[in-house]
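A look at the structure
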Amino acid sequence: VLRALNSWRLSNETKIDRINVVCNQSLWSKPKSSRKKPSLIRESVVDTYAKENGLQQSYVNKNAAMQRWSIPDTWDSFDFAVVAGCPWRLPINLENMFKKGVFCVHPSLLPQYRGPTPVITAMLSDSRETGVTVCNYSFRRIDTGHILAQHPYTIKKGYRREDVIRDLGYLGGKLMVKCIENLDYVRMNAVPQDERKASRTRFYDDDDALKINWETMGAEEIVKLNEAFHGKHATHTIFRKKSSMTKVFLFDMYVADLSTEPLDHDFLKYPPGSIFYKRKVPYLEIPCIDGKRLHVTRLGREHRTVMTALQYVNGYLRMSGALRFLTDPVNPKVPTPGFVYPPGYTKPQLSDVYKPADDIEPQSKANSLKSQEQAKMRRLYESMCDD
(Lines give C-alpha, C1' and ligand atoms only; values in the text may rest on other atoms or scores of the structure.)
Protein backbone atom coordinates (compact mmCIF):
# COMPACT_ATOMS: atom_id res chain seq x y z
CA VAL A 1 0.00 0.00 0.00
CA LEU A 2 2.80 2.40 0.91
CA ARG A 3 4.64 1.58 -2.29
CA ALA A 4 1.55 2.35 -4.41
CA LEU A 5 0.92 5.65 -2.63
CA ASN A 6 4.55 6.74 -2.90
CA SER A 7 4.76 5.79 -6.59
CA TRP A 8 1.63 7.81 -7.20
CA ARG A 9 3.14 10.75 -5.27
CA LEU A 10 6.24 10.68 -7.46
CA SER A 11 4.22 10.64 -10.68
CA ASN A 12 2.95 13.76 -12.43
CA GLU A 13 -0.69 12.84 -11.80
CA THR A 14 -0.89 13.66 -8.11
CA LYS A 15 -1.06 16.69 -5.86
CA ILE A 16 0.32 14.83 -2.82
CA ASP A 17 3.18 16.85 -1.37
CA ARG A 18 4.61 14.38 1.17
CA ILE A 19 4.00 11.09 2.94
CA ASN A 20 5.10 10.45 6.50
CA VAL A 21 5.17 6.94 7.94
CA VAL A 22 4.31 5.48 11.35
CA CYS A 23 5.59 1.92 11.86
CA ASN A 24 7.62 -0.49 13.96
CA GLN A 25 11.36 -0.04 13.94
CA SER A 26 13.62 -2.76 12.58
CA LEU A 27 15.45 -4.50 15.43
CA TRP A 28 19.24 -4.76 15.22
CA SER A 29 21.65 -6.51 17.56
CA LYS A 30 24.28 -4.53 19.47
CA PRO A 31 27.73 -5.98 18.72
CA LYS A 32 30.06 -6.47 21.67
CA SER A 33 33.01 -5.30 19.62
CA SER A 34 33.26 -2.10 17.60
CA ARG A 35 34.84 -4.13 14.80
CA LYS A 36 31.68 -6.17 14.26
CA LYS A 37 28.69 -4.87 12.38
CA PRO A 38 25.19 -5.05 13.93
CA SER A 39 23.06 -7.87 12.56
CA LEU A 40 19.38 -7.67 11.71
CA ILE A 41 17.16 -9.53 14.18
CA ARG A 42 13.72 -8.51 12.98
CA GLU A 43 13.07 -6.40 9.91
CA SER A 44 10.19 -4.00 9.50
CA VAL A 45 9.67 -3.89 5.73
CA VAL A 46 7.78 -0.61 6.04
CA ASP A 47 10.67 0.91 7.98
CA THR A 48 13.15 -0.31 5.36
CA TYR A 49 11.09 1.04 2.44
CA ALA A 50 10.61 4.43 4.13
CA LYS A 51 14.36 4.81 4.73
CA GLU A 52 15.23 3.79 1.16
CA ASN A 53 12.80 6.37 -0.25
CA GLY A 54 13.57 9.24 2.12
CA LEU A 55 10.19 9.30 3.90
CA GLN A 56 9.97 10.78 7.39
CA GLN A 57 9.17 8.23 10.08
CA SER A 58 7.82 7.96 13.59
CA TYR A 59 8.24 4.71 15.49
CA VAL A 60 5.68 2.98 17.66
CA ASN A 61 6.68 1.53 21.01
CA LYS A 62 5.57 -2.07 20.60
CA ASN A 63 4.88 -2.52 24.33
CA ALA A 64 2.70 0.59 24.51
CA ALA A 65 1.07 -0.07 21.10
CA MET A 66 -0.55 3.07 19.63
CA GLN A 67 -2.32 4.40 22.72
CA ARG A 68 0.53 6.69 23.76
CA TRP A 69 1.50 7.74 20.27
CA SER A 70 0.86 11.28 19.04
CA ILE A 71 1.84 13.20 15.93
CA PRO A 72 5.39 14.61 16.38
CA ASP A 73 5.59 18.37 16.85
CA THR A 74 7.97 18.62 13.90
CA TRP A 75 5.31 17.30 11.50
CA ASP A 76 2.95 19.72 9.81
CA SER A 77 -0.76 19.06 9.45
CA PHE A 78 -2.01 16.37 7.06
CA ASP A 79 -5.09 16.03 4.89
CA PHE A 80 -5.73 12.32 5.44
CA ALA A 81 -4.26 9.15 6.95
CA VAL A 82 -4.18 5.57 5.62
CA VAL A 83 -4.08 2.60 8.01
CA ALA A 84 -2.87 -0.75 6.66
CA GLY A 85 -1.64 -3.83 8.51
CA CYS A 86 -1.97 -2.17 11.91
CA PRO A 87 -3.09 -4.57 14.69
CA TRP A 88 -3.62 -1.80 17.24
CA ARG A 89 -6.47 0.63 17.80
CA LEU A 90 -5.55 4.24 17.02
CA PRO A 91 -5.82 6.86 19.80
CA ILE A 92 -9.18 8.59 19.82
CA ASN A 93 -7.50 12.03 19.83
CA LEU A 94 -6.46 11.48 16.18
CA GLU A 95 -10.06 11.27 14.98
CA ASN A 96 -10.46 14.94 14.08
CA MET A 97 -6.86 15.78 13.18
CA PHE A 98 -7.14 14.95 9.46
CA LYS A 99 -9.17 17.24 7.21
CA LYS A 100 -10.38 14.58 4.79
CA GLY A 101 -10.52 11.65 7.19
CA VAL A 102 -8.76 8.42 8.11
CA PHE A 103 -9.04 5.43 5.78
CA CYS A 104 -8.38 1.74 6.34
CA VAL A 105 -7.15 -0.87 3.85
CA HIS A 106 -8.36 -4.24 5.15
CA PRO A 107 -7.46 -7.60 3.50
CA SER A 108 -10.97 -9.06 3.32
CA LEU A 109 -14.40 -8.27 1.90
CA LEU A 110 -15.86 -6.51 4.92
CA PRO A 111 -17.95 -7.17 6.94
CA GLN A 112 -16.48 -10.65 6.48
CA TYR A 113 -13.33 -11.48 8.47
CA ARG A 114 -13.09 -8.43 10.68
CA GLY A 115 -10.22 -8.41 13.13
CA PRO A 116 -6.51 -9.28 13.29
CA THR A 117 -6.13 -12.42 11.10
CA PRO A 118 -8.33 -12.10 7.98
CA VAL A 119 -5.82 -13.74 5.60
CA ILE A 120 -5.19 -16.74 7.86
CA THR A 121 -8.91 -17.24 8.47
CA ALA A 122 -9.69 -17.06 4.74
CA MET A 123 -6.98 -19.62 3.95
CA LEU A 124 -8.30 -22.02 6.57
CA SER A 125 -11.85 -21.76 5.22
CA ASP A 126 -13.17 -24.09 2.54
CA SER A 127 -14.24 -21.35 0.11
CA ARG A 128 -10.84 -19.57 -0.04
CA GLU A 129 -12.72 -16.50 -1.32
CA THR A 130 -11.61 -13.16 0.07
CA GLY A 131 -10.62 -9.70 -1.21
CA VAL A 132 -9.56 -6.23 -0.11
CA THR A 133 -11.65 -3.34 1.24
CA VAL A 134 -11.03 0.38 1.55
CA CYS A 135 -13.27 1.88 4.23
CA ASN A 136 -13.51 4.76 6.67
CA TYR A 137 -11.52 4.01 9.80
CA SER A 138 -13.67 3.46 12.88
CA PHE A 139 -12.08 4.63 16.13
CA ARG A 140 -14.68 2.94 18.34
CA ARG A 141 -15.21 -0.46 16.71
CA ILE A 142 -12.45 -1.93 14.57
CA ASP A 143 -13.24 -2.57 10.88
CA THR A 144 -16.82 -1.28 11.01
CA GLY A 145 -16.51 1.94 8.97
CA HIS A 146 -18.48 2.69 5.81
CA ILE A 147 -17.14 0.90 2.72
CA LEU A 148 -15.63 3.06 -0.03
CA ALA A 149 -14.46 0.33 -2.45
CA GLN A 150 -13.82 -3.42 -2.64
CA HIS A 151 -12.02 -5.87 -4.91
CA PRO A 152 -12.60 -9.68 -4.75
CA TYR A 153 -9.75 -12.18 -4.75
CA THR A 154 -9.58 -16.00 -4.92
CA ILE A 155 -6.74 -17.72 -3.09
CA LYS A 156 -4.99 -20.00 -5.57
CA LYS A 157 -4.09 -23.56 -4.71
CA GLY A 158 -0.53 -23.85 -3.42
CA TYR A 159 -0.34 -20.20 -2.36
CA ARG A 160 1.14 -19.47 1.04
CA ARG A 161 0.31 -16.67 3.43
CA GLU A 162 3.09 -14.44 2.05
CA ASP A 163 1.81 -14.93 -1.52
CA VAL A 164 -1.72 -13.90 -0.55
CA ILE A 165 -0.53 -10.89 1.46
CA ARG A 166 1.63 -9.78 -1.49
CA ASP A 167 -1.29 -9.95 -3.93
CA LEU A 168 -3.78 -8.30 -1.55
CA GLY A 169 -1.26 -5.59 -0.73
CA TYR A 170 -0.84 -4.83 -4.42
CA LEU A 171 -4.63 -4.74 -4.97
CA GLY A 172 -5.16 -2.67 -1.83
CA GLY A 173 -2.57 -0.10 -2.87
CA LYS A 174 -4.11 0.33 -6.34
CA LEU A 175 -7.59 0.53 -4.84
CA MET A 176 -6.53 3.14 -2.28
CA VAL A 177 -5.02 5.32 -5.01
CA LYS A 178 -8.27 5.10 -7.03
CA CYS A 179 -10.25 6.13 -3.95
CA ILE A 180 -8.04 9.16 -3.32
CA GLU A 181 -8.32 10.19 -6.97
CA ASN A 182 -12.12 10.11 -6.64
CA LEU A 183 -12.36 10.89 -2.94
CA ASP A 184 -15.44 13.14 -3.02
CA TYR A 185 -17.37 10.60 -5.09
CA VAL A 186 -16.52 7.50 -3.01
CA ARG A 187 -17.21 9.30 0.27
CA MET A 188 -20.59 10.49 -0.99
CA ASN A 189 -21.47 6.93 -2.08
CA ALA A 190 -19.98 5.09 0.91
CA VAL A 191 -21.99 2.01 1.94
CA PRO A 192 -22.61 1.03 5.58
CA GLN A 193 -21.65 -2.52 6.50
CA ASP A 194 -24.34 -5.18 6.88
CA GLU A 195 -24.00 -6.42 10.47
CA ARG A 196 -25.99 -9.57 9.63
CA LYS A 197 -23.11 -10.75 7.40
CA ALA A 198 -20.35 -9.80 9.82
CA SER A 199 -17.80 -12.35 11.03
CA ARG A 200 -14.75 -11.87 13.25
CA THR A 201 -11.29 -13.37 13.29
CA ARG A 202 -9.17 -14.10 16.33
CA PHE A 203 -5.58 -14.28 17.45
CA TYR A 204 -4.23 -17.82 17.21
CA ASP A 205 -2.39 -19.38 20.11
CA ASP A 206 0.82 -20.99 18.86
CA ASP A 207 0.45 -24.28 20.74
CA ASP A 208 -3.23 -24.85 20.06
CA ALA A 209 -3.56 -23.68 16.48
CA LEU A 210 -0.34 -25.00 14.97
CA LYS A 211 0.04 -28.37 16.66
CA ILE A 212 -0.31 -31.32 14.28
CA ASN A 213 -2.76 -33.91 15.57
CA TRP A 214 -1.79 -37.14 13.83
CA GLU A 215 -4.88 -38.90 15.22
CA THR A 216 -7.36 -36.64 13.41
CA MET A 217 -5.68 -34.51 10.73
CA GLY A 218 -5.29 -35.61 7.13
CA ALA A 219 -2.45 -34.55 4.83
CA GLU A 220 -4.46 -31.83 3.05
CA GLU A 221 -5.51 -30.28 6.37
CA ILE A 222 -1.92 -30.20 7.65
CA VAL A 223 -0.66 -28.55 4.46
CA LYS A 224 -3.51 -26.01 4.59
CA LEU A 225 -2.52 -25.14 8.16
CA ASN A 226 1.11 -24.79 7.15
CA GLU A 227 0.29 -22.53 4.18
CA ALA A 228 -2.00 -20.30 6.26
CA PHE A 229 0.67 -19.54 8.88
CA HIS A 230 3.79 -19.79 6.70
CA GLY A 231 6.25 -17.00 7.40
CA LYS A 232 4.56 -16.09 10.68
CA HIS A 233 4.53 -19.34 12.65
CA ALA A 234 5.27 -22.96 11.80
CA THR A 235 3.27 -26.13 12.32
CA HIS A 236 4.94 -28.31 14.91
CA THR A 237 4.98 -31.82 16.30
CA ILE A 238 6.84 -33.88 18.91
CA PHE A 239 9.85 -36.07 18.14
CA ARG A 240 10.95 -38.66 20.68
CA LYS A 241 14.36 -40.26 20.61
CA LYS A 242 14.96 -42.50 23.62
CA SER A 243 13.90 -40.40 26.63
CA SER A 244 14.29 -37.04 24.90
CA MET A 245 11.19 -35.10 23.77
CA THR A 246 11.77 -32.32 21.27
CA LYS A 247 9.39 -29.93 19.55
CA VAL A 248 10.05 -30.02 15.79
CA PHE A 249 8.80 -27.34 13.41
CA LEU A 250 7.84 -28.40 9.89
CA PHE A 251 8.42 -25.43 7.58
CA ASP A 252 8.07 -26.64 3.98
CA MET A 253 5.82 -29.52 2.95
CA TYR A 254 3.38 -30.70 0.31
CA VAL A 255 1.04 -33.64 -0.30
CA ALA A 256 2.68 -36.37 -2.38
CA ASP A 257 1.16 -36.95 -5.79
CA LEU A 258 -0.69 -40.24 -6.25
CA SER A 259 1.79 -41.28 -8.93
CA THR A 260 4.85 -40.72 -6.70
CA GLU A 261 6.24 -44.06 -5.61
CA PRO A 262 6.25 -44.50 -1.80
CA LEU A 263 9.61 -44.78 -0.07
CA ASP A 264 8.17 -47.91 1.56
CA HIS A 265 5.33 -49.79 -0.14
CA ASP A 266 4.21 -51.10 3.27
CA PHE A 267 3.78 -47.60 4.72
CA LEU A 268 0.08 -48.22 5.46
CA LYS A 269 1.10 -50.84 8.02
CA TYR A 270 2.80 -48.12 10.05
CA PRO A 271 0.94 -45.59 12.25
CA PRO A 272 0.40 -42.02 11.00
CA GLY A 273 3.37 -39.79 11.77
CA SER A 274 5.95 -42.48 10.98
CA ILE A 275 9.08 -41.12 9.31
CA PHE A 276 10.39 -42.67 6.11
CA TYR A 277 13.44 -41.60 4.19
CA LYS A 278 16.04 -42.72 1.65
CA ARG A 279 19.54 -41.50 1.20
CA LYS A 280 19.81 -38.68 -1.39
CA VAL A 281 16.01 -38.28 -1.50
CA PRO A 282 15.40 -34.61 -0.54
CA TYR A 283 12.31 -35.13 1.63
CA LEU A 284 10.92 -37.04 4.57
CA GLU A 285 7.78 -39.04 3.79
CA ILE A 286 5.16 -39.12 6.52
CA PRO A 287 1.87 -41.06 6.17
CA CYS A 288 -1.27 -39.42 7.59
CA ILE A 289 -4.55 -40.74 8.97
CA ASP A 290 -6.25 -40.44 5.56
CA GLY A 291 -3.58 -42.62 3.90
CA LYS A 292 -2.05 -39.72 1.97
CA ARG A 293 1.63 -38.89 2.38
CA LEU A 294 3.34 -35.67 3.41
CA HIS A 295 6.69 -34.78 1.89
CA VAL A 296 8.64 -32.49 4.24
CA THR A 297 11.68 -30.72 2.79
CA ARG A 298 12.62 -28.22 5.55
CA LEU A 299 12.25 -28.61 9.31
CA GLY A 300 14.01 -27.73 12.52
CA ARG A 301 14.18 -28.48 16.21
CA GLU A 302 13.07 -25.82 18.67
CA HIS A 303 15.72 -23.12 19.20
CA ARG A 304 17.92 -24.71 16.53
CA THR A 305 18.88 -23.87 12.96
CA VAL A 306 16.45 -24.84 10.21
CA MET A 307 17.64 -27.95 8.33
CA THR A 308 16.91 -29.69 5.08
CA ALA A 309 15.41 -33.17 5.22
CA LEU A 310 18.77 -34.73 4.34
CA GLN A 311 20.50 -32.86 7.17
CA TYR A 312 17.83 -34.04 9.60
CA VAL A 313 18.26 -37.64 8.45
CA ASN A 314 22.03 -37.49 8.94
CA GLY A 315 21.68 -36.01 12.41
CA TYR A 316 18.72 -37.77 14.03
CA LEU A 317 17.49 -40.82 12.09
CA ARG A 318 19.03 -44.27 11.81
CA MET A 319 16.31 -46.52 10.36
CA SER A 320 13.46 -45.58 8.01
CA GLY A 321 10.05 -46.10 9.62
CA ALA A 322 11.46 -46.89 13.07
CA LEU A 323 10.44 -43.60 14.66
CA ARG A 324 7.36 -41.41 14.37
CA PHE A 325 6.25 -37.93 15.23
CA LEU A 326 3.83 -37.59 18.15
CA THR A 327 0.92 -35.27 18.81
CA ASP A 328 1.82 -34.66 22.47
CA PRO A 329 4.79 -35.48 24.71
CA VAL A 330 4.59 -38.82 26.51
CA ASN A 331 6.10 -40.22 29.69
CA PRO A 332 9.84 -40.57 28.90
CA LYS A 333 10.23 -43.38 31.43
CA VAL A 334 7.97 -45.81 29.57
CA PRO A 335 7.79 -46.93 25.93
CA THR A 336 5.72 -44.81 23.56
CA PRO A 337 2.06 -45.93 23.70
CA GLY A 338 0.58 -47.46 20.57
CA PHE A 339 -1.25 -45.28 18.09
CA VAL A 340 -4.99 -44.96 18.87
CA TYR A 341 -7.12 -44.88 15.72
CA PRO A 342 -10.48 -43.04 15.76
CA PRO A 343 -13.59 -45.20 16.38
CA GLY A 344 -14.87 -46.80 13.19
CA TYR A 345 -11.67 -46.00 11.30
CA THR A 346 -10.91 -48.11 8.23
CA LYS A 347 -7.42 -48.17 6.80
CA PRO A 348 -7.28 -47.25 3.09
CA GLN A 349 -5.93 -49.69 0.55
CA LEU A 350 -2.65 -49.03 -1.23
CA SER A 351 -4.50 -48.82 -4.55
CA ASP A 352 -6.50 -45.86 -3.17
CA VAL A 353 -3.45 -43.73 -2.28
CA TYR A 354 -0.84 -44.84 -4.81
CA LYS A 355 -1.45 -45.10 -8.53
CA PRO A 356 1.61 -45.58 -10.76
CA ALA A 357 1.89 -43.13 -13.63
CA ASP A 358 0.87 -45.81 -16.16
CA ASP A 359 -2.46 -46.32 -14.35
CA ILE A 360 -3.46 -42.64 -14.30
CA GLU A 361 -5.90 -41.45 -16.93
CA PRO A 362 -4.34 -39.19 -19.62
CA GLN A 363 -6.40 -36.15 -18.56
CA SER A 364 -5.40 -36.52 -14.90
CA LYS A 365 -1.77 -36.91 -15.94
CA ALA A 366 -1.99 -33.76 -18.08
CA ASN A 367 -3.51 -31.77 -15.18
CA SER A 368 -0.74 -32.99 -12.88
CA LEU A 369 1.97 -31.96 -15.36
CA LYS A 370 0.27 -28.59 -15.86
CA SER A 371 0.18 -27.88 -12.11
CA GLN A 372 3.85 -28.87 -11.80
CA GLU A 373 4.75 -26.55 -14.66
CA GLN A 374 2.80 -23.69 -13.07
CA ALA A 375 4.59 -24.23 -9.76
CA LYS A 376 7.95 -24.27 -11.58
CA MET A 377 7.15 -20.98 -13.34
CA ARG A 378 6.04 -19.37 -10.07
CA ARG A 379 9.30 -20.37 -8.35
CA LEU A 380 11.25 -18.99 -11.31
CA TYR A 381 9.30 -15.70 -11.11
CA GLU A 382 9.93 -15.41 -7.34
CA SER A 383 13.67 -16.04 -7.82
CA MET A 384 13.78 -13.31 -10.49
CA CYS A 385 11.99 -10.90 -8.13
CA ASP A 386 14.46 -11.71 -5.35
CA ASP A 387 17.38 -10.98 -7.70
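The text that follows walks through the structure, step by step, so that each part is easy to find. Since this is a predicted model, take the numbers as computed values, not measurements.

1. Some details on the side chain of aspartate 47
In this structure, aspartate 47 sits in helix H2 (residues 45-52). Apart from the residues lying within four places of it in its own chain, the contact partners of aspartate 47 are Cys23, Asn24, Gln25, Ser26, Gln57 and Tyr59.

2. Section: the sheet that holds strand S5 (residues 78-84)
One key point about sheets: their strands pair by backbone hydrogen bonds, in either a parallel or an antiparallel sense. With respect to topology, four strands assemble into an open sheet ordered S5-S6-S7-S8, the strand pairing being mixed. Either end of the sheet is taken by a strand with one partner, and the two such strands are S5 and strand S8 (147-154). Each neighbouring strand pair of the sheet contributes to a mean axis angle of 15°, computed without reference to strand direction. Pairing analysis gives four bridges linking strand S6 (residues 98-106) to strand S7 (residues 129-136), with the strands arranged antiparallel. Across the sheet, the residue bridging to histidine 106 is threonine 133, located in S7. The sheet contacts of helix H4 (residues 161-181) involve S5, S6, S7 and S8, and relative to S8 the element is tilted by about 150°.

3. Here we look at unusual backbone geometry
Each neighbour pair has its own omega, and for leucine 110 with proline 111 the value is 10°, a cis peptide bond. Along the chain, the position of proline 111 falls in the loop between S6 and helix H3 (118-124). For tyrosine 113, which is not glycine, the phi torsion reads 60° and is therefore positive. Backbone geometry at lysine 280 places phi at a positive 70°, although glycine is not the residue there. Tracing the chain through its elements places lysine 280 in the loop between strand S10 (244-255) and strand S11 (284-287). Of the residues examined, lysine 280 reaches a relative accessible area of 78% and is grouped as exposed.

What counts and what doesn't
Each chain carries its own residue numbering, running from 1 in the direction its sequence is written. Per-residue local features are limited, in this predicted model, to residues with pLDDT of at least 70; the limit for side-chain atom pairs, both in listing and counting, is 80 or more; totals at the level of whole chains, interfaces and linings are taken over all residues. Hydrogens and water molecules were not included; the side-chain quantities draw on all heavy atoms of the structure. Each helix corresponds to a stretch of at least 4 residues labelled H or I by DSSP, and each strand to a stretch of at least 2 residues labelled E; elements are numbered beginning at the N terminus. Any two residues whose heavy atoms approach within 4.5 Å are treated as being in contact. By definition, two strands form a pair when at least two bridges between them are found by DSSP. To obtain an axis, a line is fitted to C-alpha atoms, over the contacting stretch when the element is a helix, and the angle between two such axes runs from 0 to 180 degrees between their N-to-C directions. Here the term buried applies to any residue with accessible area under 20% of the maximum for its type, exposed to any over 50%, and partly exposed to those in between, with areas from a 1.4 Å probe on protein chains only.

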